[in-house]
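A look at the structure
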Amino acid sequence: MAASASPPDTDLSASRFYNDPAKRSLIYQAGVLLMVALLAYYLISNTLANVERQSIATGFGFLEKEASFEIGESLVPYSAADTYARALWVGVLNTLKVSFIGIVLTVLLGTLVGIARLSTNWLVSRMAAVYIEVLQDIPVLLQLFFWYAFFYEMLPSPRQALNPIAGIFLSNRGLMMAVPASHPAWDFMGWALLAAVGLVWLLRRWARKRQARTGQGFPVFWSGVGLLLGLPLLVWLLWGAPTEMDVPHLAGFNFKGGIGISPEFAALLLGLVLYTAAFVAEIVRAGIQSVSKGQTEAAKSLGLRPGLVLNLVVLPQALRVIIPPLTSQMLNLTKNSSLAVAIGYPDFVSVANTTINQTGQAIEGVAMIMIVYLCFSLLTSAFMNWYNKKIALVER
Amino acid sequence: MTVHVIDPAAENLKPPATSVGVVGWMRANLFNGVFNSILTVLTLILLFQTLPPFIKWAFIDAHWLSGDACRGADGACWSVISNNLRFIVFGFYPHPEQWRPLLAMLLLVGLLFYSQNRSRWNKPLAWAWLVGLISMGILLKGGLLGLTAVESTQWGGLPLTLLLSVFGLTAAYPLGVVLALGRQSRMRVVQTLCVIYIELIRGVPLISLLFMSSVVFPLFLPEGVTLNKILRAQVAIILFTAAYIAEVVRGGLQAIPRGQYEAAESMGLNYWQTMRLVILPQALKIVIPPSVSILISAFKDTSLVVIIALFDLLKTTKSVLSDPQWMGFSAEAYIFVAVVYFVCCFFMSNYSRRLEKELDTSL
């Protein structure tokens, strides 16, 4: 289909403009563009006429108005007197919260199940296979409904709350957990942990440079673990080792104290994590299997210890296969978190839906939902591009 | 100097009992090493703690057909299903006419089973599918051949779920192929439009498109024209699925070596001839297995129409559960629906795996 202009030699008719593929393609493109423009014009003019006729307000002015609805749970202070913009912001944060925690748990569970699937233990491998097959084939919405019903119908009321482990209470009001009572030491321990993370990063960089220069290794892993655990522990001891706990206790019909997870959030998280982990397990399994046995054997014959074989030879190759589909599963989890609207967790779609119902401005509402999720997708694909470039095979 | 002594008795010796049979299998697969033995024991304990109570609940103590006797009983109450089966499966479809959706579903299942074997894929089968799909539509809708017309607002249950997924995929496939060709096209305008469409749709959750279908689509239409809710949801599902199909088909197109394009061109075929006769037959064959996965996810995704209040299988089940008489039996009801979805998806994914093996000509 290479564009090769026909030489205008003998036959005049052969050099008509429609015989030139380049010009013909221009005409086709103009035609397509015209059709799309006409369709857009038709839809927009219809919409404008309908909006006019039904006297629906337009524009994003409603964002500044008072929302006048409560939101069950929020990461930032919010009340019904706040604006729609703030309510939607609360929704975005709730979406990010459930997605972030969900992704972390999914990767952990998915990796575990994926490794279990490859286990030489027949029973464990079969169980993992059953888990993957069953949970992949049941719609995630149905799973969410199931867990929601599980929390509301099958769990007892707070008075008869289940108490599987000391300090944890499971009832139809959700999951209550004991947390350490507030003490300045906990804040400082957080800072100490952050400092330790920074130090470990610097240590790793220094150790790599030294190894490249002198060939001497440095036990980065163990010294890192020591730093991460030791620094916060030191701070804790310096503050006099506070051990007081804030244990949830019954007050009236519900628990007071501790921190709680609402049944909606718990059901959403559980459903999303169990569903997505089944897909992640398959990805992890395929990734590990993609590294041929010869690689492991070659690494062993070079005298590498099993830990180093995994770290230096198997993982870098497996991750190259695992990471791209894994990110798309993370994105799927984020998109599926929009099903929260069906079980009443106030995520972004749920708040936007309430906004649409109250203001009647459906176009703006749906457009906002789409834009927010498009931003998530674009960020993910930007990450993917960066990662792919970083790990691309340098072939010689 | 090694001397081989051949003991005639050794020839007839059986391998040790611990390396063959049940014991040998268990040693090799369950108790190879300390770690695996511990793992096996822990798993067995877990299974013994969970499975027997579950079986007792689900089968032994269960009520199957009783009316109200369930309340307060120990076991599962499958009566919630057996007493409401017709509503769960057919929704608000008029009672005396329910043989029609049943027949349509049987027709679909029959066609699917007949089409399993690839050697039967030929032109007559394609026509049979076309006729089958049209007659399924007529069976549901009625108003022809002496069948009473049934308003689409009364459609529901499993037929609706199947309708949305089967018609959704059938209509989305050609659209997806066109989008994939557009994305591979050299015409910048066409390519850009297709990329924008595909990435836009793939970037948003299906539920936002369903919201759009229920609240924004009506505004797109000129005054006086209305589309019913099912059709609008169907359009949303088609638009959504097409974008995913486009990506799958693009994968197939990219797998065709350049030589095929060049050979077709050198034979003097134009663009559409090249695509129709040379490229697409090869590319579409490659993408059959991933297409089945898309069918599976489209089938599961139709459950999302619950959120815009269409009465598919999940919604009819939910509305049975909101009846005071059957309130509180969610576990049984949801397990039933889960089994229905699981059986369908399991068959499809098994089929897709088998096809993948059959089509794999690399060895």
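Everything numeric in this text was worked out from a predicted model, so none of it was measured.

Within chain A, the regular secondary structure consists of twelve helices and seven strands. Each of the three principal axes of chain A carries a C-alpha extent, and together these read 95 × 70 × 45 Å. Here chain A, with 396 residues, has 39% of them falling under the buried criterion. For chain A, the share of sequence-separated contacts (at least 6 apart) that also reach a separation of at least 24 residues comes to 65%. Summed over all atoms, the accessible surface of chain A reaches about 22,600 Å², with 67% contributed by carbon and sulfur. Looking at chain A, you have 27 positive and 21 negative side-chain charges, and the mean spots of the two groups are 15 Å apart.

Residues and elements named next belong to chain A. As a packed pair, helix α11 (residues 348–359) and helix α12 (residues 362–391) sit with axes 9 Å apart at the nearest point and diverge in direction by 165 degrees. The orientation of α11 relative to α12 falls into the category roughly antiparallel. Note on packing geometry: the crossing formed by α11 with α12 is right-handed. Between α11, through F348, V349, A352 and I356, and α12, the contact on the second element is made entirely by A362, G365, V366, M368, I369, V372 and Y373. For the contact of α11 with α12, the per-class residue count stands at ten nonpolar, one polar and no charged.

A word on the domain arrangement of chain A. Annotation of chain A at the domain level lists domain 1 (84–181 + 244–391) and domain 2 (186–241). Each of domain 1 of chain A and domain 2 of chain A has a C-alpha centre, and these two points are 29 Å apart.

Taken together, the contact pairs 61 residues of chain B with 53 residues of chain A. Approximately 4,800 Å² of surface area, both sides summed, lies buried where chain B meets chain A, with 73% of it carried by carbon and sulfur atoms. Of all residues in chain B, B:F211, B:L219 and B:K300 bury the most surface against chain A, accounting for 13% of the area lost on that side. One can count one salt bridge joining chain B with chain A. Counting across the interface, chain B meets chain A through 16 residue pairs in polar contact (both at pLDDT 80 or more). If you list the elements that add at least two residues to the side of chain B that touches chain A, you get α2 (21–29), α3 (34–60), α9 (188–203), α10 (206–220), α12 (258–266), α15 (313–321) and α16 (330–359) of chain B. If you tally residues by element for the side of chain B that touches chain A, the top one is α16(B), at twelve residues.

Residue and element names in this part refer to chain A. With respect to topology, three strands assemble into an open sheet ordered β1-β2-β7, the strand pairing being antiparallel. Since the sheet does not close on itself, it has two edges, and those belong to β1 (168–171) and β7 (259–261), each with one partner. Between one strand axis and the next, the sheet turns by 15 degrees as a mean value, whatever way the strands run. As paired strands, β1 and strand β2 (residues 174–177) are joined by four bridges and run antiparallel to one another.

A few words now on unusual backbone geometry. All names here are of chain B. Phi at A309 is positive, roughly 65 degrees, even though this residue is not glycine. By the element assignment, A309 lies in the loop between α14 (288–301) and α15. Assessed through its relative accessible area of 38%, A309 is described here as partly exposed.

Turning our attention to the packing of helix α1 (residues 21–53) of chain A against α9(B). The N-to-C vectors of α1(A) and α9(B) enclose an angle of 40 degrees; their axes lie 8 Å apart at closest approach. When α1(A) is examined against α9(B), the residues A:Q29, A:V32, A:L33 and A:V36 are found in contact with a partner set consisting of B:R188, B:V189, B:V190 and B:L193. In terms of residue class, the contact of α1(A) with α9(B) is made up of six nonpolar, one polar and one charged.

Calculation criteria
- Residues numbered from 1 in each chain as written.
- Chains lettered and ligands numbered in written order.
- Predicted model: local features only at pLDDT ≥ 70, side-chain atom pairs only at ≥ 80, totals over all residues.
- Heavy atoms only, no water.
- Helix = DSSP H or I, 4+ residues; strand = E, 2+ residues; numbered from the N terminus.
- Buried < 20%, exposed > 50% of the residue type's maximum accessible area, 1.4 Å probe, protein only.
- Contact = heavy atoms within 4.5 Å.
- Areas by Shrake-Rupley, 256 points an atom, 1.4 Å probe, with all protein chains shown as cover.
- Lys, Arg positive; Asp, Glu negative; His and termini not counted.
- Charge placed at Lys NZ, Arg CZ, Asp CG, Glu CD.
- Axes fitted to C-alpha atoms, helices over the stretch in contact; angles between N-to-C directions.
- Parallel < 35°, antiparallel > 145°, perpendicular 65-115°, else oblique.
- Left-handed = near helix turned anticlockwise from the far one by under 90°.
- Nonpolar A, V, L, I, M, F, W, Y, C, P; charged D, E, K, R; others polar.
- Domains from an automatic or database assignment.
- Buried area = accessible area lost by both parts, 1.4 Å probe.
- Salt bridge = Lys/Arg side-chain N within 4 Å of Asp/Glu carboxyl O.
- Polar contact = N/O pair within 3.5 Å; in protein donor to acceptor, adjacent residues only side chain to side chain.
- Pairing = 2+ DSSP bridges.

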